[in-house]
Each structure stands twice: as C-alpha cells, then as structure tokens.
Protein chains: 2
Amino acid sequence: MIRLSLAEARELAESILLHNGFNLAHARAVTDTVIAGERDGCASHGLYRVLGCVNSLRAGKVAADAQPRVIDQAPSIVRVDAAGGFSQLAFQAGLPLLQEKARANGVAALAINHCVHFSALWVEIEQLTAAGLVALACNPSHAWVAPAGGSQPLFGTNPIAFGWPRPGNMPFVFDFATSAIARGDIELHRRAGKAIPQGWGVDAHGQPSTDANVVLDSGAMLTFGGHKGSALAAMVELIAGPLIGDLTSAESLAYDAGSKSSPYHGELIIAFDPQRFLGAATEQHLARAEVLFESIQGQGARLPSQRRYEARARSLVEGVQIPEALYNDLKALLA
Amino acid sequence: MIRLSLAEARELAESILLHNGFNLAHARAVTDTVIAGERDGCASHGLYRVLGCVNSLRAGKVAADAQPRVIDQAPSIVRVDAAGGFSQLAFQAGLPLLQEKARANGVAALAINHCVHFSALWVEIEQLTAAGLVALACNPSHAWVAPAGGSQPLFGTNPIAFGWPRPGNMPFVFDFATSAIARGDIELHRRAGKAIPQGWGVDAHGQPSTDANVVLDSGAMLTFGGHKGSALAAMVELIAGPLIGDLTSAESLAYDAGSKSSPYHGELIIAFDPQRFLGAATEQHLARAEVLFESIQGQGARLPSQRRYEARARSLVEGVQIPEALYNDLKALLA
C-alpha cells in the first residue's frame, strides 16, 4: 500500500485530470468527489475512479470543458444542462438556485441533464445538509441489474441517497445502491481475482453466480431486498430518467456502445426546507429527530454513515492508503 | 367464506361506521379505502380494518366527526390538520391544493398532521396518478420494528408508495412496508393460528422467532433488505415525522397507551408534475417509460401492482369473499 496525505492525493488526482485535458473547473470538481470518497474509506468511489475519468475522456464519452447551463424551469424546479460533462460541476452550478427555491417554496427539485456520472451521491447530499436542508437524490446508471423475477440487465445500480441536518453534529446520511452491491465493489473483486458472495448476481441464464467476470460481462446483477428493491430501482429509472427528460439505464448503456465509460444520464435531487414546514417550531422538531438517533445508537445499532465518518476522522490525521498497483496505474496517466 | 358484491361490502362497512358514531363524511372516506383494499385482494387492508376503526373509536383514540383544516403553508407545501380524525378525509381535503401547487410549481408536498392512520397508501397514490401526476408517499406507524443491528422496536412498518401515470393504462404503482412484511399479515397469521416465516421478526432478546404472538407482543419485527431497508425506515420516520412536525412511531405507540388503536401520526405525500418538468416533450418521455415497463414484462417479470389489478378486475365481476368469522365479527358491530 502507498500512503498519501489528503493534499498529496488531491494534487495527484487534479494533476492527472489536467494533464489529460480536463479544464480546471472540471478537474477541481471531480477531484473534490474522488478525494471525499478516498478520505471516507469508500475505495470504490475514490482515486480508483480517476482511471475511469481518463478512460471516458479518451473514449470521447465526456466533454473535458463543458460549461453547465442553469435553467429556471419552474418555481420549484431547477434544471442544469451538463452539456456532456461530468455531473459534479453541473451540481455546483445548480446548487445555489436549488437552495433558493427550497427556502422560498419549501420543496424544490434539481434535475441535472446530459451528465456523465460516477460520483457518490452523499458528497452532494452533505452540501445540502450543511445548508440546513433535508435532501433526497437518485440517478440511473448503466443497465446492469435484472428486475425481480427476470434475468436480463435492465436497471442501473440506481443509488438512493438521503440526508438530514443535525446542528452541531455530522448529518444523518445514507447512500446505497438499489443493487445488492455497488458495481464498483464487484469490479474491485475482479481486479483482486476474488469470488463474489452469493446474491450479488446471476449468469446469462438467470442462475446464481459468484464469478465477477460472468456477472459483469454476460450475466446481471441483482437488486437488494427482492421485489421491494426492484420496485425502488424502477422508481429511480422513472424519476431520474423520463421525468427529467433523460436516459434510462438501458439507453445509457446503449449510448456507451461498449466503450466502458461512465454512464451518461441525468440525476434528480429533491431538497426540503424544515424551516418552511415548521417555522418557529423547527428547533423543537429537529430535537425530536435526535431522540430517534439516540434510540438507534442506544440499542447498539449504528447510524448509516458512522463508519464513513470514522474513516474521515482518521484520514484527516493519517492520510489515505491505496494499493501500489493503483498508484502505479495513476502515475502512468501523467506520462 | 362469505361472498359479497362490492355494493354489499360497501353498504356493510358504511353502515357499521355510521352505526358506531362516525359522521357521514368519515364513514364514506374510510369505506372507500377498505373497499378498495378488499376489492384489490389486500385482505390486510380490507374489511378487516373496520374492526380496528370501531376499536379505535371506542378507545377514544379517533375523532368520529373531526373537520380537517387545510393550511396553505408555503408555495409548495399544503398542510392539513386532521384534528384527530382518520387520515382519509384529511387527504381528500388537501388533494385539490396539492394538485394545484404541483401544477404551478412542478413539485409540491402535502403534510397531513394529527391523523389516525391505517389506510393503504396506494389508494391515495392512484388519485394522483389519475390526475397525471407522479407521486411518492410515506408515513410512520407504531414502533414495532427494530433497526438493523438492534433488537428493540423503534420504527413503524413505515410504508413507501410510489405512482407513475400511464395514459390509457393502469398506473405503475408500488406500496410496500419497509418492514419485512406488513403487520396486518402477521396479525392475520395470529388470527389463523399459523407460524410466520423466518425473517419477519425477533423475540425480546433479538433472536429469530416464527411465533406471531411473540413477535407482536414482546419482540420486534424486522425491516426488509437489512441495513438498506432499515435506512429507508429511518428516513420515513424523519420526513413523515419531525419534518412535518408530527410524531415518530415510538411517540405514536406511547400515545396509544396499550389501547391497540390505529397509529396517530402524520403522513407525507410528494407530487411531481411531468408537464412542468418536460413541457412539450412530456408525451415523448412518458413513452420512454413505457419501453421500461415492456422490458420488465418482456423478460417474464411482473409490474408491482399487476396482482392487485387482476384481483380488481375479478372483484368488479364476482364481488369479494371474506371469512365467515370476520363477517360475523363485522355484523356484531351493527347490534
């Protein structure tokens, strides 16, 4: 393993992205999210993703200098046309108007269109909770996951993320794939030559498989939680696809045309302002949420992001460690 | 089994509710939902629930003539104070303003407060999809479900329901408990003296149990999908509890004080207007959603509400059948 300070990790990611042709705004926005992932112990959304960014650019599947365009679509809807660039800069562009609309109206939606997407959603959710807002976000990806009762890839890993602000504390945040596991985790098993657990995927005939190559290349992943997880995956396809005028996971995969680039589609973020729901009683009701959190932790259960926050606290002191093979692959992109 | 036409079933439910003291508006609104449940083959949300309505009234836990009060809380928020009555009439009262706000702003929320709640959410979701809106709804219930990694009841069964309008077709609708199973299903097992499957609940020590009495009386139910289902259950507690200034499932159960009445809490419904997101391109993008549905059904998988719609088609012709014991229990409430 190679140890890097967060500053070194950031410098490495940003210089690779710049060297390979991304403009400064995109390089910084993408670096922010991969460093956040690495810092929080989410290797599958960490520095590893820089390889994919460069791959997507070389395949002609992402615009290195796209200028996001913010559209005031309706009193409670912001759209951002990412113009074929990575989603991160588009999110940054739309965030101020989303916050303004949520505070004015109580609820508002941000629809990001035509973006290339690989980011963990909690990075964006935390920016909304930091502003005192409750937030929900989701997006399709590539058609890799079979619906419950089926055998063919149709849904993406379709993450759902949620955040709740906790004044004076780390926010309550979860962010999970509606697939049984993130595709990045299966990819890491493949890179490591390890078998995957039962329940993550099936082969081309719909039979259970523990071979990462089979599941990734010819079979399909499975949703978590059977038909309920499958229903949620379908909801994500709909509300972060056709509802916002953007691609489903099947359409995104067709667009990819075998280049193995990051998915190209949309993203939906919904923000709620507790102040608009609760007025003067906001503080009192946020305190009742704290009782819920205490009741979870008081019986020995964990809050969803605790492990991530613990990794963050460590990384801020000790930096991060990445496999030497990954470090070498990254350095090679500076040649 | 006793066979009833839908008109007979409706007449039976409404007359029991009126005879026991509910006013006409509440009796009709409640009857609408229990008949919809029975008609669609959802016995756990069907005529059986009329027993609970009368029990709640006799226990002094529901107001038989509450007048819902509609509050224009913010440009995208409607609140309805149900004033201690059943939720159905409050939903009816808030629906027109929710629709208006969703159409004006693109996204809007309806927060129902201080309601007594037992209804299946799809009944409400279908009213929004019939108006061409996309809808998401959820509510807490009573603290019956342990968080993942815990052993004590904290969450309700916390249903999440979603609907997508399909012009010229039945809407895409799902409605599921974030518990492994609806509490009503465990109650039906208890009434029938049957063991429940593994994975539905634990005993007071957190050990798996197949005894419905143990799970209902001294243990806890489990969420579906492990830590992901548990995270969703927590989200429902937060956004349909403190966010709308209403009770968590633990607070609702404390308020119940052992009377075994229907839960008393709030409900959150979010409506999205595709026209506001998509404008002139609405039809084109709704057609892309149809491709998704065809891809699910084309590989032999089912859409979430198909079984329910098939039951509906049968019931409209043949009426419904209920156990004789239930029929007798219901008739006894007319004495």
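No experiment lies behind these values; they were computed from the predicted model shown.

Undergrad: Residue-level account of helix H8 (residues 226-239) of chain B, with values.
TA: All names here are of chain B. With 14 residues, H8 extends 20 Å from end C-alpha to end C-alpha; this agrees with the ideal 20 Å at 1.5 Å per step. Here H8 lies mainly inside the structure; 12 of its 14 residues are buried. Within H8, burial applies to Lys 228, Gly 229, Ser 230, Ala 231, Leu 232, Ala 233, Ala 234, Met 235, Val 236, Glu 237, Leu 238 and Ile 239.

Undergrad: Describe the relation of the copies chain A and chain B, listing the residues and the values that go with them.
TA: Rotating chain A by 180° and translating it 0.0 Å along the rotation axis places it on chain B, where the RMSD comes to 0.0 Å. Such values leave the two copies arranged in the relation of a two-fold axis. Of the C-alpha atoms belonging to chain A, the one lying closest to the rotation axis is found on Gly 225 of chain A, 2.1 Å away. With an isologous cut-off of 70% or more, the 100% of interface residues of chain A that recur at the interface of chain B puts this contact in the isologous class.

Undergrad: Could you give an account of the environment of Gly 163 of chain A, with specific residues and numbers?
TA: Residue and element names in this part refer to chain A. Along the polypeptide, Gly 163 turns up in strand E6 (residues 159-164). Sequence separation between Gly 163 and Ile 186 is 23 residues, and the spatial gap between their C-alpha atoms is 26 Å. The contact partners of Gly 163, leaving out residues within four places of it in the chain, are Ile 125, Thr 129, Leu 133, Val 134, Ala 135, Phe 172 and Val 173.

Undergrad: Residues and numbers for the domain arrangement of chain A, please.
TA: One frequently used descriptor of interface size is the decrease in accessible area upon assembly of the parts. Residue and element names in this part refer to chain A. With domains assigned, chain A is organised as domain 1 (2-58 + 305-332) and domain 2 (86-179 + 223-278). Between domain 1 and domain 2, the C-alpha centre-to-centre distance is 22 Å. Counting residues at the interface gives 22 residues for domain 1, matched by 18 residues for domain 2. Across the interface of domain 1 and domain 2, roughly 1600 Å² is buried in total on both sides, 63% from carbon and sulfur atoms. The largest contributions to the domain 1 side of the interface with domain 2 come from Thr 33, Ser 56 and Tyr 309, which together make up 28% of the buried area. Counting the contacts that link domain 1 with domain 2 gives two salt bridges. Two residues, Arg 312 and Glu 126, come together in a salt bridge whose shortest N-O distance is 2.8 Å. Looking at the side of domain 1 that touches domain 2, the elements with two or more residues in it are helix H2 (24-39), helix H3 (48-58) and helix H12 (306-318). Per-element accounting of the side of domain 1 that touches domain 2 gives the leading share, 10 residues, to H2. Per-class residue counts for the side of domain 1 that touches domain 2 are nine nonpolar, seven polar and six charged.

Undergrad: Any chance you could break down the pairing of strand E10 (residues 264-272) of chain A for me, citing the residues and the numbers?
TA: Residue and element names in this part refer to chain A. Taken across its nine residues, E10 has nine buried, putting it largely inside the fold. Where strand E4 (residues 107-116) meets E10, eight bridges bridge the pair, whose relative direction is antiparallel. Looking at the pairing, Val 116 lines up with Tyr 264 of E10. Here five bridges tie strand E5 (residues 134-138) to E10, and the two strands are oriented antiparallel to one another. Residue Cys 138 lies in a different strand from E10, and its bridge partner there is Leu 268.

Undergrad: Residues and numbers for the interface of chain A and chain B, please.
TA: Chain A puts 66 residues into the contact, and the matching count from chain B is 66 residues. Note on chain A versus chain B: buried area summed over both sides is about 5400 Å², and carbon and sulfur give 74% of it. Where chain A packs against chain B, one counts two salt bridges. Our count for the chain A to chain B interface comes out at 23 residue pairs in polar contact (both at pLDDT 80 or more). At nine residues, helix H8 (residues 226-239) of chain A tops the list of elements feeding residues into the side of chain A that touches chain B. For the side of chain A that touches chain B, the per-class residue count stands at 42 nonpolar, 17 polar and seven charged.

Undergrad: Requested: an account of the packing of aromatic side chains, with residues and values cited.
TA: Inspection of every chain in the model, using the stated rule, returns 19 aromatic pairs over all chains. A centroid spacing of 5.6 Å and a plane angle of 35° characterise the contact between Phe 162 of chain A and Phe 174 of chain A, whose relative ring orientation is tilted. Of the two residues, Phe 162 of chain A is situated in strand E6 and Phe 174 of chain A in strand E7 (residues 172-177); the sequence distance between them amounts to 12 residues. With a centroid separation of 6.3 Å and 90° between ring planes, the pair formed by Phe 172 of chain B and Phe 174 of chain B is classed as edge-to-face. In this structure, Phe 172 of chain B and Phe 174 of chain B share a single accessibility class: buried. The structure contains a cluster of three or more aromatic residues connected by ring pairs, namely Phe 162, Phe 172, Phe 174, Phe 176, Phe 224 and Phe 293 of chain A together with Phe 162, Phe 172, Phe 174, Phe 176, Phe 224 and Phe 293 of chain B. Sitting over the face of the ring of Trp 122 of chain A, Arg 308 of chain A holds its NZ or CZ atom 3.9 Å from the ring centroid.

Undergrad: Can you tell me about the nonpolar core, naming the residues and giving the values?
TA: A general feature of soluble globular proteins is that nonpolar side chains tend to end up buried together. The biggest cluster of nonpolar side chains holds 100 residues, and the ones touching the most others in it are Phe 162, Trp 164 and Phe 277 of chain A together with Phe 162, Trp 164 and Phe 277 of chain B. The residues contacting Phe 277 of chain B, other than those within four sequence positions of it, are Gln 73, Ile 77, Arg 79, Ala 109, Leu 243, Ile 244 and Leu 268 of chain A together with Gly 106, Val 107 and Phe 272 of chain B. The next biggest cluster of nonpolar side chains, apart from the first, holds 32 residues, and it includes Leu 6, Ala 9, Ile 16 and Val 320 of chain A.

Undergrad: Report on helix H1 (residues 6-19) of chain B, specifying residues and quantitative values.
TA: Residues and elements named next belong to chain B. Between its terminal C-alpha atoms H1 stretches 20 Å, which fits the 20 Å expected from 14 residues at 1.5 Å a residue. Those residues of H1 lying buried are Leu 6, Ala 9, Leu 12, Ala 13, Glu 14, Ile 16 and Leu 17. The inward-facing, buried residues of H1 contact strand E1 (2-4), helix H2 (24-39), helix H3 (48-58), helix H12 (306-318), strand E11 (320-322) and helix H13 (324-332). One or two residues past the end of H1 sits Gly 21, with phi positive at roughly 120°.

Undergrad: Describe the pairing of strand E6 (residues 159-164) of chain B, and please don't skip the residues or the numbers.
TA: All names here are of chain B. Among the six residues of E6, six are classified as buried, and the element is accordingly described as predominantly covered. A two-sided burial pattern is seen for E6, the buried positions comprising Pro 159, Ala 161 and Gly 163 on one face and Ile 160, Phe 162 and Trp 164 on the other. Bridging between strand E5 (residues 134-138) and E6 involves four bridges; their strand directions are antiparallel. Looking at E6, one finds that Cys 138 is bridged to Ile 160. The sheet contact formed by E6 and strand E7 (residues 172-177) spans six bridges and is antiparallel.

Undergrad: Could you give an account of the pattern of salt bridges, naming the residues involved and the relevant values?
TA: Residues and elements named next belong to chain A. Summed over the entire model, instances satisfying the criterion amount to 28 salt bridges over all chains. Arg 28 is paired through a salt bridge with Glu 14; the nearest N and O atoms lie 3.6 Å apart. One end of the pair, Arg 28, is in helix H2; the other, Glu 14, is in helix H1 (residues 6-19), and 14 residues separate them in sequence. Judged by its relative accessible area of 46%, Arg 28 falls in the partly exposed class.

Analysis parameters
- Position numbers for residues start from 1 in each chain and track the written sequence from start to end.
- Just so you know, chain letters begin at A and ligand numbers begin at 1, following the order they were written in.
- Reporting in this predicted model follows two pLDDT cut-offs: at least 70 for local features of residues, and 80 or more for side-chain atom pairs to be given and counted; totals over whole chains, interfaces and linings ignore these cut-offs and use all residues.
- Side-chain descriptors were evaluated using all non-hydrogen atoms of the structure, hydrogens and water having been removed beforehand.
- Secondary structure elements follow DSSP: runs of H or I of four or more residues count as helices, runs of E of two or more count as strands, with numbering from the N terminus.
- The span expected for a helix works out to 1.5 Å for each residue beyond the first.
- Between buried and exposed lies partly exposed: a residue is buried under 20% and exposed over 50% of the maximum accessible area for its type, with that area taken using a 1.4 Å probe on protein chains only.
- To line up the copies, we fit them by least squares on C-alpha atoms, keeping just the residues with pLDDT of at least 70 in both.
- Contacts are assigned to residue pairs with any non-hydrogen atoms lying within 4.5 Å of each other.
- Domain start and stop points were drawn from an automatic or database domain assignment.
- In short, buried area is how much 1.4 Å probe accessible area vanishes from two parts on joining, totalled over both.
- By salt bridge we mean one thing: a side-chain nitrogen of Lys or Arg within 4 Å of a carboxyl oxygen of Asp or Glu.
- Amino acids outside the nonpolar list (Ala, Val, Leu, Ile, Met, Phe, Trp, Tyr, Cys, Pro) and the charged list (Asp, Glu, Lys, Arg) are all regarded as polar, and Gly is one of them.
- Paired strands, as defined in this entry, are two strands with at least two bridges between them according to DSSP.
- Any N or O atom pair separated by 3.5 Å or less is treated as a polar contact, with the protein-specific requirement of one donor-capable and one acceptor-capable atom, and with residues adjacent in sequence counted only for side-chain atom pairs.
- Within 6.5 Å between ring centres, the rings of Phe, Tyr and Trp (the latter by its six-membered ring) count as paired, and their orientation is classed by plane angle as stacked under 30 degrees, edge-to-face over 60, tilted in between.
- Distance and angle both matter: a charge sits over a ring if NZ of Lys or CZ of Arg is within 6 Å of the ring centre and within 35 degrees of the ring normal.
- Grouping buried Ala, Val, Leu, Ile, Met, Phe, Trp, Tyr and Cys residues that are joined through side-chain atoms within 4.5 Å yields what is termed a nonpolar core.

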